[in-house]
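Chain by chain, the residues run as shown.
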Amino acid sequence: MAKDQLQVLNALDVAKTQWYHFTAIVIAGMGFFTDAYDLFCISLVTKLLGRIYYHHAGDAKPGTLPPNVSAAVNGVAFCGTLAGQLFFGWLGDKMGRKKVYGMTLMLMVICSIASGLSFGKTANGVIATLCFFRFWLGFGIGGDYPLSATIMSEYANKKTRGAFIAAVFAMQGFGILAGGIVAIIVSASFKEKFWAPAYQFNPVKSTVPEADYVWRIILMFGAVPAALTYYWRMKMPETARYTALVARNAKQAAADMSKVLQVELDAEQEKVEKLAAEEGNTFGLFSKKFLRRHGLHLLGTTTTWFLLDIAFYSQNLFQKDIFSAIGWIPDAKTMNAIEEVYRIARAQTLIALCSTVPGYWFTVALIDKIGRFAIQLMGFFFMTVFMFALAIPYKHWTHKDNRIGFVIMYSLTFFFANFGPNATTFVVPAEIFPARLRSTCHGISAAAGKAGAIVGAFGFLYAAQNQDPTKTDKGYPPGIGVRNALIVLGCVNFLGLLFTFLVPESKGKSLEEMSQENEEDGSTETGREMRAAPV
């Protein structure tokens with residue numbers, strides 16, 4: 001049986017959309033803009049790093065990063081992100097969302113700049129320094145996932161909460177787009193200023209000394225948007241749900257939200273103390289009560305995010321290899337080093353513009369109308385369909401006349417990832433767990449996702465290699481080929497569809513309804529009842 005809601009929390013739940021909602025979206029969203037920029041921009045410059053630091057005289061092909069080095073450069077930020085999601089997620093529930101929020105942002109700013117200043121007397125020295133700073137950059141980025149989602153969910157009203165959290169996550173699309181645009185501008189400027197022949201005509205002069213600045217500038221630019229929002233993050237008050245339900249300071253919660261909502265609110269300290277004393281509001285993460293109430297939900301949020309990110313990151317990080325396979329990016333030896341960066345960036349920008357960004361905003365527009373469950377189920381279904389449609393007739397798509405069709409199908413896969421599980425797996429964990437465990441559980445779910453990203457990123461490096469040993473990238477053993485790799489990813493997406501049935505629907509319900517914090521002890525809802533969308 002439901003108890004009376006605290007006045008301050010009810011005021012947030014029923015508040016009309018106001019200016020502070022949009023301010024919160026921008027402040028939290030710029031962190032995600034930076035996260036996406038920093039995580040994905042490395043894929044734009046790995047080919048350039050190979051040419052600069054791993055060129056061998058007399059080779060018919062330009063230098064490339066050795067397999068272990070490439071795996072480290074691409075994957076180390078994910079390892080840092082996974083650690084950061086767990087650590088800062090836990091810390092956000094212990095210290096408060098606001099206190100930890102500033103730490104993650106400063107770490108991102110410092111490490112973005114430091115990544116571009118990577119130094120060393122040898123190639124391995126430069127790469128080792130780069131990997132060190134990108135690990136700590138990832139650590140800061142990891143903290144942004146649970147904190148941004150939790151802050152936005154606790155500030156939002158229940159009618160449009162899904163759209164607000166999804167809008168924060170949608171800034172990721174703009175971050176990916178910005179990465180491509182910055183790389184295009186930087187590479188085009190250097191290409192214009194410092195002419196160089198193609199590798200096949202002059203291997204040494206095809207990589208001008210100034211090319212070393214290109215990748216550094218691209219990586220360092222990630223610090224700019226993060227630094228611009230630091231002041232505004234520090235001005236945000238702590239969320240009322242943390243202050244009232246976790247810190248148990250009703251007076252401060254009412255005072256903070258009175259300023260935000262511009263209404264008078266009662267402190268209700270007695271009610272807060274009574275809520276805090278309830279047995280149902282004291283159990284921990286590793287308790288039987290948590291397992292009974294939220295065990296399946298946590299299993300659902302972790303598995304779906306894990307499976308989604310295997311597919312999503314293996315595509316996103318290595319889409320340049322797919323473009324090369326179908327001829328969208330010319331053979332490396334026919335270009336100079338900076339031209340190759342330009343071509344890769346242009347391809348990624350086109351995909352982001354045509355499919356990635358629109359997909360996010362379709363989710364924002366419809367998530368509070370058709371619900372999280374329906375969007376996630378639909379997204380996994382169409383990702384499965386399009387992945388198999390790409391894989392089974394793969395030879396058909398590699399013919400020159402069919403390349404545009406391949407790009408359209410590939411774009412649709414991305415569209416339904418973002419108008420689907422890539423957004424919903426971020427939204428739902430911020431809505432269904434108790435306030436005192438919300439940030440921790442979101443961090444665990446997000447960390448499972450990053451584990452999937454590591455599997456996708458590392459695995460795809462090897463899996464997508466040609467089965468013919470003479471046609472593999474330098475230093476790589478034969479793999480299963482792009483076609484078979486796409487089939488595997490299709491199966492992964494189908495598993496994601498099945499595990500979606502463990503995730504409850506939270507559309508139109510308050511956070512306390514979903515977490516059952518306003519239920520009398522002994523009163524619980526079944527998963528079926530929780531999934532039912534409100535009328």
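It should be emphasised that the depicted structure is a prediction, and the values quoted were computed from it without experimental measurement.

How each quantity is defined
Residues numbered from 1 in each chain as written. Predicted model: local features only at pLDDT ≥ 70, side-chain atom pairs only at ≥ 80, totals over all residues. Heavy atoms only, no water. Patch = residues over 30% accessible without salt bridge, like charges linked within 9 Å, V, L, I, M, F, W, Y side chains within 5 Å. Areas by Shrake-Rupley, 256 points an atom, 1.4 Å probe, with all protein chains shown as cover. Salt bridge = Lys/Arg side-chain N within 4 Å of Asp/Glu carboxyl O. Buried < 20%, exposed > 50% of the residue type's maximum accessible area, 1.4 Å probe, protein only. Helix = DSSP H or I, 4+ residues; strand = E, 2+ residues; numbered from the N terminus. Contact = heavy atoms within 4.5 Å. Core = buried A, V, L, I, M, F, W, Y, C linked by side-chain atoms within 4.5 Å. Polar contact = N/O pair within 3.5 Å; in protein donor to acceptor, adjacent residues only side chain to side chain. Phe/Tyr/Trp six-rings, centres within 6.5 Å; stacked < 30°, edge-to-face > 60°. Lys NZ or Arg CZ within 6 Å of the ring centre and 35° of its normal. Disulfide = S-S within 2.5 Å. pLDDT = per-residue confidence, 0-100. Axes fitted to C-alpha atoms, helices over the stretch in contact; angles between N-to-C directions. Parallel < 35°, antiparallel > 145°, perpendicular 65-115°, else oblique. Left-handed = near helix turned anticlockwise from the far one by under 90°. Nonpolar A, V, L, I, M, F, W, Y, C, P; charged D, E, K, R; others polar. Expected span 1.5 Å × (residues − 1).

Asks: Would you mind going over a nonpolar patch on the surface with me for this structure?
Replies: A surface patch of nonpolar side chains, about 260 Å² in accessible area, is lined by M106, I110 and Y230. Since its relative accessible area comes to 52%, I110 is described here as exposed.

Asks: What is the right way to look at the side chain of T349 in this model?
Replies: Tracing the sequence through the fold places T349 in helix α15 (residues 337-370). Judged by relative accessible area, T349 falls into the buried class, the value being 10%. Apart from the residues within four sequence positions on either side, T349 is in contact with L177, G180, I181 and I184.

Asks: So what exactly am I meant to see when it comes to the nonpolar core here?
Replies: Taken as a class, soluble globular proteins show a tendency for nonpolar side chains to be buried jointly. Of all hydrophobic cores here, the largest spans 145 residues; its most connected members are Y145, W215, I218 and M257. Counting residues per element, this core draws most heavily on helix α7 (residues 161-193), at 16 residues. When neighbours within four sequence positions are excluded, I218 is seen to be in contact with Y37, C41, V45, V182, A183, V186 and V341. Of all hydrophobic cores here, the second largest spans 11 residues; its members include F283, F433, L437 and V503.

Asks: Please clarify how the side chain of R161 should be interpreted in this entry.
Replies: Within the secondary structure layout, R161 lies in helix α7. Here S506 takes part through its backbone oxygen, which lies 3.2 Å from a polar atom of the side chain of R161. Looking at R161, its side chain comes within polar contact range of the main-chain oxygen of K509, at 2.8 Å. In this structure, R161 is in contact with S153, A156, D368, R372, E431, S506, K509, S510 and L511, ignoring residues within four places of it in sequence.

Asks: Can you walk me through the environment of V482 in this structure?
Replies: Counting through the fold element by element, V482 comes out in helix α21 (residues 481-499). Among the residues examined, V482 registers a relative accessible area of 13% and is labelled buried.

Asks: Teacher, can you tell me more about the packing of aromatic side chains here?
Replies: Given two aromatic rings, one states the distance between the centres and the angle between the planes to describe the pair. Overall, the coordinates contain 35 aromatic pairs when judged by the stated rule. Ring centres of Y145 and F426 lie 6.4 Å apart, and the angle between their planes is 75 degrees; on these two criteria the pair is classed as edge-to-face. A residue pair is termed long-range when its members are at least 10 positions apart, and Y145 in helix α6 (residues 123-155) and F426 in helix α19 (residues 421-427) qualify at 281 residues. What makes F426 buried here is its relative accessible area of 0%. Cluster of aromatic residues (ring-pair linked, three or more members): F362, F381, F382, F386, F415, F416 and F419. Residue placement shows K191 over the ring face of Y342; its charged tip is 4.1 Å from the ring centre. Note that R233 overlies the ring of Y101, its terminal NZ or CZ placed 3.7 Å from the centroid.

Asks: Would you mind going over the state of the cysteines with me for this structure?
Replies: Covalently bonding the sulfur atom of one cysteine to the sulfur atom of another cysteine gives a disulfide. With the rule as written, the count across this model stands at zero disulfides. This cysteine, C111, is not joined by any disulfide, and C131 carries the nearest cysteine sulfur, 13 Å off. The class for C111 is buried, based on a relative accessible area of 5%.

Asks: Even after reading the chapter, I still don't get the pattern of salt bridges, so can you show me in this structure?
Replies: Close approach of charged atoms allows side chains of opposite charge to pair. Scanning the model with the defined rule gives 14 salt bridges in all. R161 serves as the salt-bridge partner of E431, at 2.7 Å between the closest nitrogen and oxygen. With E431 in the loop between α19 and α20 (435-463) and R161 in helix α7, this pair connects stretches of sequence that are 270 residues apart. Grouping residues by exposure puts E431 and R161 together as buried. Bridged by salt links that share partners, the residues D93, R97, E154 and R438 form one connected network.

Asks: I keep staring at unusual backbone geometry and nothing clicks. Help me out?
Replies: Most peptide bonds take the trans configuration, and most residues that are not glycine carry a negative phi. Unlike most non-glycine residues, R248 shows phi in positive territory, near 60 degrees. Following the sequence through the fold, R248 ends up in the loop between α10 (240-246) and α11 (250-261).

Asks: How do you make sense of the environment of D212 when you look at a structure like this?
Replies: Its place among the elements puts D212 in helix α8 (residues 211-220). For the pair D212 and R51, spaced 161 residues apart in sequence, the C-alpha to C-alpha distance is 10.0 Å. The residues contacting D212, other than those within four sequence positions of it, are I52 and Y53. At 3.2 Å, the side chain of D212 and the side chain of R216 are in polar contact.

Asks: Is there a simple way to explain the confidence of the model for the protein in this structure?
Replies: Put simply, the protein has an average pLDDT of 85, and 91% of its residues get 70 or more. Here residues 522-535 scores under 50 on pLDDT; set against residues more than four positions off or in separate chains, the count is 27 contacts.

Asks: What should I look at first to understand the packing of helix α1 (residues 7-14) against α11 in this one?
Replies: In helix packing, the relevant descriptors are the interaxial angle and the interaxial distance, both defined with respect to the helix axes. Their axes nearest at 10 Å, the elements α1 and α11 cross at an angle of 25 degrees. With respect to each other, α1 and α11 are oriented roughly parallel. α11 is crossed by α1, and the crossing has left-handed handedness. Residue-level contacts link V8, A11 and L12 of α1 to A253, A254, M257 and L261 of α11. Its residues assigned to classes, the contact of α1 with α11 shows seven nonpolar, no polar and no charged.

Asks: I would appreciate a short explanation of the environment of E517 in the present structure.
Replies: By the element assignment, E517 lies in the loop between α22 (511-515) and α23 (527-531). Judged by its relative accessible area of 7%, E517 is buried. Spatially, the C-alpha atoms of E517 and A435 are 8.5 Å apart, while their sequence positions differ by 82 residues.

Asks: Sorry if this is basic, but what is going on with α7 here?
Replies: Side chains three or four residues apart in an α-helix point the same way, a direct result of the helix having 3.6 residues per turn. Between its terminal C-alpha atoms α7 stretches 49 Å, which fits the 48 Å expected from 33 residues at 1.5 Å a residue. Across the 33 residues that make up α7, a large majority, 24, are buried.

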